[in-house]
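Survey of secondary and tertiary structure
Listed here are the chains, written in short residue letters.
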Amino acid sequence: MSKLDQARSILDAGRLVADIHFTDTIDDAQKAAIRDHLLDQAERMKSGLDDIKDDDDASYFLAVKYVECKAGWIQMNLQLN
């Protein structure tokens, strides 16, 4: 299996959110919003990968998307703290 196929498999949105366990400190609407956000991020990464045919380009794309997601996470944490 190529790196590109592995990345697509990992980004299977249903699998990503299936194992999420929440604490009782948030309500169902917040849980749904988090799941929706994660599904959206995974789908955007997968659709971006659909346009890429080369493993090296896919690796670069995924690295950039990781930095983008990490930056969003840091920004959210700064706002909430």
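Residues numbered from 1 in each chain as written. Predicted model: local features only at pLDDT ≥ 70, side-chain atom pairs only at ≥ 80, totals over all residues. Heavy atoms only, no water.

Taken together, the side chains of W73, I74, M76, L78 and L80 define a hydrophobic patch exposed on the protein surface, amounting to about 560 Å² of accessible area. Mapped onto the secondary structure, M76 falls in helix 4 (residues 55–80). (Patch = residues over 30% accessible without salt bridge, like charges linked within 9 Å, V, L, I, M, F, W, Y side chains within 5 Å. Areas by Shrake-Rupley, 256 points an atom, 1.4 Å probe, with all protein chains shown as cover. Salt bridge = Lys/Arg side-chain N within 4 Å of Asp/Glu carboxyl O. Helix = DSSP H or I, 4+ residues; strand = E, 2+ residues; numbered from the N terminus.)

Taken residue by residue, the protein chain gives an average pLDDT of 82. The fraction at 70 or more is 94%. Put simply, helix 2 (residues 13–18) is where the protein chain has its lowest mean pLDDT, 68, and helix 4 is where it has its highest, 87. (pLDDT = per-residue confidence, 0-100.)

With respect to the helices and strands, the residue K65 is situated in helix 4. Residue classification places K65 among the buried positions, given a relative accessible area of 11%. (Buried < 20%, exposed > 50% of the residue type's maximum accessible area, 1.4 Å probe, protein only.)

Counting seven residues, the largest nonpolar core consists of L4, A7, L11, M45, L49, I52 and A58. At the level of secondary structure, the elements contributing two or more residues to this core comprise helix 1 (3–10) and helix 3 (28–50). Residues in contact with A7, not counting those within four places in the same chain, are L49 and L62. (Core = buried A, V, L, I, M, F, W, Y, C linked by side-chain atoms within 4.5 Å. Contact = heavy atoms within 4.5 Å.)

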